[in-house]
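Structural overview for review
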Amino acid sequence: MTTPLKSIHHSAYRCRDAEETRAFYEDMLGLPLAAVVQEEKEPGSGRPNPFVHLFFRLGDGNFIAFFDAPGTVKEGDFTLAHGFDRHVAFEAESEEKLLAWRDQLNAGGVPCFGPIDHGFVKSVYFADPNGLPLEIAVRAAAHDAILADDAKTAHAIINAWTARKAAEQAA
């Protein structure tokens, strides 16, 4: 078995417009635009499909990225997704900064609600202009201890959940 993966370099999503996305992530969230890759063909297939791939740098050196590929947009690509389907959770340094982010987003016209206390983190929630649900979380003081304790029963909970789902689907 290989060693565990180090981290996420970037997570990438489709965007409706490169400039609109740049303005949101750089101007509203303060993530600097670190790189833009422009291509005329899809990597791998070589099919004509002009696109730009934008990378915004997070404070830890990792990235969130977006593709503006107008030739392959489908209806519904930018409908607000349910947070259970996908969302990105950023991390704030403190609860005070979490609340400051919430207030700044609301003042900037981006509806942001919370914080919601999940025990190991507190979070606020909002969406980007592309329909991507976003979260900013701050770790509770006992974050690591809570997760270490939860890890002790994690597999048993999944096994019980799987059995419950199977029983409900069979009924």
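Structure: see above.
Keep in mind that what you see is a predicted model, and the values were worked out from it rather than measured.

Taken as a whole and assessed by the stated rule, the structure comprises 14 salt bridges. Put simply, Asp77 and Lys74 hold a salt bridge, and the shortest N to O gap is 3.7 Å. Among the residues examined, Lys74 registers a relative accessible area of 54% and is labelled exposed. Through salt bridges that share partners, Glu19, Arg22, Glu26 and Asp27 make up one connected network.

The next thing to look at is the pairing of strand S2 (residues 33-41). Pairing of S2 with strand S3 (residues 48-57), which is carried by 7 bridges, proceeds in the antiparallel orientation. Following the sheet pairing, Gln38 is matched in S3 by Val52. Linking two consecutive strands that pair antiparallel, namely S2 and S3, is a turn of 6 residues; a positive phi of about 90° is found at Gly44 within it.

Core analysis: the biggest nonpolar cluster contains 26 residues, and Tyr25, Leu29, Ile64, Phe90, Phe126 and Leu134 have the highest contact counts within it. Mapped by element, the contributors of at least two residues to this core are helix H1 (18-28), S3, strand S4 (63-68), strand S5 (88-91), helix H2 (95-107), strand S7 (121-127) and strand S8 (133-139). Examining the composition of this core, we find that 4 residues originate from one element, H1, more than from any other. Beyond its immediate chain neighbours, meaning those up to four positions away, Leu134 contacts Phe24, Tyr25, Leu29, Val88, Phe90, Val124, Tyr125, Phe126, Ala127 and Asp128.

Attention now moves to the sheet that holds S5. What the 4 strands build is an open sheet, ordered S5-S8-S7-S6; its pairing is mixed. With one partner strand each, in any of the chains shown, S5 and strand S6 (113-117) form the two edges of the open sheet. The sheet shows a mean angle of 25° between the axes of neighbouring strands, direction not considered. In terms of strand pairing, S6 meets S7 through 3 bridges, oriented antiparallel. From the neighbouring strand, Asp117 faces S7, where its bridge partner is Lys122.

Another aspect to go through is the pairing of S3. Of all 10 residues making up S3, 7 are buried, and the element is well covered by its neighbours. Taken together, the 6 bridges between S3 and S4 define a ladder with antiparallel strand orientation. Opposite Phe55, over in S4, you have Ala65 as the bridge partner. Linking S3 to S4, which pair antiparallel, is a turn of 5 residues; within it Gly61 sits at a positive phi near 95°.

Conventions we followed
Residues numbered from 1 in each chain as written. Predicted model: local features only at pLDDT ≥ 70, side-chain atom pairs only at ≥ 80, totals over all residues. Heavy atoms only, no water. Salt bridge = Lys/Arg side-chain N within 4 Å of Asp/Glu carboxyl O. Buried < 20%, exposed > 50% of the residue type's maximum accessible area, 1.4 Å probe, protein only. Pairing = 2+ DSSP bridges. Helix = DSSP H or I, 4+ residues; strand = E, 2+ residues; numbered from the N terminus. Core = buried A, V, L, I, M, F, W, Y, C linked by side-chain atoms within 4.5 Å. Contact = heavy atoms within 4.5 Å. Axes fitted to C-alpha atoms, helices over the stretch in contact; angles between N-to-C directions.

Interpretation note: all reported values are geometric properties and have no functional meaning in isolation.
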